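# Descriptive analysis of the structure
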Amino acid sequence: MYDDLFSRLAKSKFRSKFKLTQKDIDYINKKGLEIIKSHAVDFIEKRIAPDYIPNDGKQTPMRGHPVFIAQHAVAACCRGCIEKWHHFPKNTKLSLKQQEYLVNIIMEWIKRQMQARSSL
């Protein structure tokens, strides 16, 4: 479903460097994908969706939670990246449908990472 997007992201040197660590995988396995998805929903709603974000470009840490890693990998980390990669304009509140799309690509990336790690 998201193959075109993931293909484009894979060509980005910056985006393609993000990978889940074993610690991230262990955390996901401990919490379960539904809890991780609820975290993604919360992070997108509170840190990404508002029309004005005072620290835009710095609101998503580079580590500390698997969703943060995924946000950088899929360019859902700040409104500038979202505008560039997903064409959702800055300075407008994201709709629920747009938020759902971002959560879905984050979760798809996480699932793909987990599958890749399990096949090593």
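Residues numbered from 1 in each chain as written. Predicted model: local features only at pLDDT ≥ 70, side-chain atom pairs only at ≥ 80, totals over all residues. Heavy atoms only, no water.

### Concerning the overall build of the protein chain
Tallying secondary structure elements over the protein chain gives seven helices and zero strands in all. Taking 2.2 N^0.38 as the reference for a compact globule, 120 residues should give roughly 14 Å; the C-alpha atoms of the protein chain span a radius of gyration of 14 Å, in line with that estimate. Each principal axis of the C-alpha distribution contributes one length, and for the protein chain these read about 40 × 30 × 25 Å. Relative to its full complement of 120 residues, the protein chain shows a buried share of 43%. On the protein chain, roughly 7100 Å² of surface is accessible, and the fraction owed to carbon and sulfur atoms is 54%. Averaged over its 22 positive side-chain charges, the protein chain has a centre that lies 6 Å from the centre of its 12 negative ones. (Helix = DSSP H or I, 4+ residues; strand = E, 2+ residues; numbered from the N terminus. Rg over C-alpha atoms; globule rule 2.2 N^0.38 Å. Buried < 20%, exposed > 50% of the residue type's maximum accessible area, 1.4 Å probe, protein only. Areas by Shrake-Rupley, 256 points an atom, 1.4 Å probe, with all protein chains shown as cover. Lys, Arg positive; Asp, Glu negative; His and termini not counted. Charge placed at Lys NZ, Arg CZ, Asp CG, Glu CD.)

### What to know about the packing of aromatic side chains
All chains considered together, the criterion is met by five aromatic pairs. Consider the rings of Tyr 2 and Tyr 101, whose centres lie 6.2 Å apart with planes at 65°: the pair is edge-to-face. Here Tyr 101 lies in helix α7 (residues 96-118) and Tyr 2 lies in the segment before α1 (3-10), a separation of 99 residues in the sequence. Look at Tyr 2 and you get buried, because its relative accessible area is 13%. If you follow Arg 47 out to its NZ or CZ, it ends over the ring of Phe 43, 5.4 Å from the centre. (Phe/Tyr/Trp six-rings, centres within 6.5 Å; stacked < 30°, edge-to-face > 60°. Lys NZ or Arg CZ within 6 Å of the ring centre and 35° of its normal.)

### Here's the deal with the environment of Ile 106
Topologically, Ile 106 is positioned in helix α7. It is 23 Å that separates the C-alpha atoms of Ile 106 and Pro 54, two residues lying 52 residues apart in sequence. Those residues in contact with Ile 106 that sit more than four places away from it in its chain are Ala 40, Ile 44, Val 67, Ala 70, Gln 71, Val 74 and Ala 76. (Contact = heavy atoms within 4.5 Å.)

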